[in-house]
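# Reading the structure
For reference, the chains in residue letters:
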Amino acid sequence: MRIRILLLVIAVSMLGSLAVKAQTDVQLSQYYEVPSYYNPSAIGNTDFIRIRGGARLQWVGIDGAPQTFAGVADMPFLLGGKRLGVGVKVSQESIGLYKTLDLGAQIAYKLKKWGGMWSVGLQIGMYDQSFKGSEVYIPDDDDYHESTDDAIPTTDIHGTALDLGAGIWYEHPKFYAGLSCTHLTSPTVTMNVASSSGGSETSGDRKYEFQARRTLYFTAGCNIPIKNTLIELVPSILVKSDFNFTGAELTARARYRKMFSFGIGYRYDDALIATLSAELKNFFIGYSYDYSMSKIRSASSGSHELFVGYSLKLDLSEKNRHRHKSVRIM
């Protein structure tokens, strides 16, 4: 019960009369499979319609711990002889009574130079927040909080704000690297009480606000073939900073015949990660397990993450622009 109250307080601490700044993007151990979630320029880099979606259960065993769904999709296309990419991303994360929905539409311009493909991408979307104040429960004998505390909403509140992102990406046959910024304008979500008429009204005289903190991401990875084998090493790194907190993840994977991969990862000052994946006939499935290195491991058995996906080959040549193949004979 006290753990549940603690998670509730963490969520409420993001609200208040002043906007509070905090890390706002979801945490994914298989970040290398969904690069466009963090960087809108990492789209249209292959000749496939590429779809990835999955779920993450964090700190299993703790009531109210984060539960996340995330999905991305992208494809290339030609416009006036120029190559572009389009994509979408979506994520929803629940922490106790607190829920965040993040949606974005992406477009990227492509330019071949220096042996690879440069991309500059933009993203526009919405950042949606809600809190189930109607389900707040604080025992009468709680020593830390009062049931009449004005800082804790007693009704459901909700708000949405416009959100922007931008990035740059370089894709080479042997390596890639990208730099991006999410929540570019650091939007503030003002959370209101949903009215019975379907509209919204402010919750008394008190403002509940959340500020999505501007976050920088650097992503890089490469392919290192092992001579005379069908195995290649695929290391990657993700560094993130919201100018208040900086974190990093390093992953080392081995891939066999470009179909099966396994590896280990390390999230600085947080967790060790084991990962497995397979890609067969355009279908993908990947699983990762996080073992916490902090004291939270005494209350949790770890975190689990599962992603699935599908890739459909496109023909962007001029002579086949109006031809389509049936998926039954591909």
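Residues numbered from 1 in each chain as written. Predicted model: local features only at pLDDT ≥ 70, side-chain atom pairs only at ≥ 80, totals over all residues. Heavy atoms only, no water.

Right, let's talk about the overall build of the protein chain for a bit. Each helix and strand in the protein chain was counted, giving two helices and 19 strands. Burial statistics for the protein chain: of 330 residues in total, 44% are counted as buried. Partitioning the contacts of the protein chain with sequence separation of at least 6, the portion at a separation of at least 24 is 58%. (Helix = DSSP H or I, 4+ residues; strand = E, 2+ residues; numbered from the N terminus. Buried < 20%, exposed > 50% of the residue type's maximum accessible area, 1.4 Å probe, protein only. Contact = heavy atoms within 4.5 Å.)

Assignment of secondary structure puts S91 in strand β4 (residues 82-95). With relative accessibility at 3%, the residue S91 sits in the buried group. Contact partners of S91, with chain neighbours within four places excluded, come to V26, Y37, F69, A70, T100, L101 and D102.

Moving on: the pattern of salt bridges. Considering all chains together, one arrives at 15 salt bridges under this definition. The salt bridge partner of K132 is D156, with a shortest N-O separation of 3.4 Å. Separated by 24 residues along the polypeptide, K132 in the loop between β6 (116-131) and β7 (157-171) and D156 in the loop between β6 and β7 bring together distant segments of the chain. Bridged by salt links that share partners, the residues R56, E249, R267, D270, D290 and E305 form one connected network. (Salt bridge = Lys/Arg side-chain N within 4 Å of Asp/Glu carboxyl O.)

Side-chain direction in a regular strand flips from residue to residue, so the side chains alternate between the two faces of the sheet. Relative to strand β19 (residues 303-313), strand β2 (residues 48-57) runs antiparallel, the two being bridged by 10 bridges. Each residue of the ladder has a partner; that of A55, found in β19, is L306. The pairing of β2 with strand β3 (residues 67-79) spans eight bridges and is antiparallel. Following the sheet pairing, I51 is matched in β3 by A73. (Pairing = 2+ DSSP bridges.)

Our next topic: a nonpolar patch on the surface. On the surface, I224, I226, L230, I231, L233, Y256, F260 and L280 cluster together into a nonpolar patch covering about 660 Å² of accessible area. Among the secondary structure elements, L233 is positioned in strand β14 (residues 231-241). (Patch = residues over 30% accessible without salt bridge, like charges linked within 9 Å, V, L, I, M, F, W, Y side chains within 5 Å. Areas by Shrake-Rupley, 256 points an atom, 1.4 Å probe, with all protein chains shown as cover.)

Quick look at the pairing of strand β15 (residues 246-256) now. In the sheet, β14 pairs with β15 via 11 bridges, with the strands oriented antiparallel. Bridge pairing in β15 links L233 to A254. With eight bridges joining them, β15 and strand β16 (residues 260-267) adopt antiparallel strand pairing. If you follow E249 over to β16, its bridge partner there is R267. The turn linking β15 back onto β16 is made up of three residues, and R257 within it adopts a positive phi angle of 55°.

Our focus in this paragraph is the nonpolar core. Core analysis: the largest hydrophobic core is formed by 16 residues, its most contacted members being L28, Y31, V34, Y37, Y38, L238 and F307. Contributions of two or more residues to this core are made by α2 (35-38) and β3. Non-local contacts of Y38, meaning those with residues more than four positions away in its chain, are made with V26, Q27, L28, Y31, S180, T182, Y217 and L238. Residues L97, F131, A161 and A212 belong to the second largest nonpolar core, which totals 12 residues. (Core = buried A, V, L, I, M, F, W, Y, C linked by side-chain atoms within 4.5 Å.)

What follows covers the packing of aromatic side chains. In this structure the tally under the stated criterion is 10 aromatic pairs. Centroid distance Y37 to Y38: 4.9 Å. Interplanar angle 90°. Geometry classified as edge-to-face. What makes Y38 buried here is its relative accessible area of 4%. Taking the centre distance of 5.3 Å and the plane angle of 10° together, the rings of W169 and Y176 count as stacked. Linked through ring pairs, W114, W118, Y170 and F175 together constitute an aromatic cluster. Between the NZ or CZ atom of R52 and the centre of the ring of F284, over which it lies, the distance is 4.4 Å. A cation sits over an aromatic face here: R253 above Y32, 4.0 Å from the ring centre. (Phe/Tyr/Trp six-rings, centres within 6.5 Å; stacked < 30°, edge-to-face > 60°. Lys NZ or Arg CZ within 6 Å of the ring centre and 35° of its normal.)

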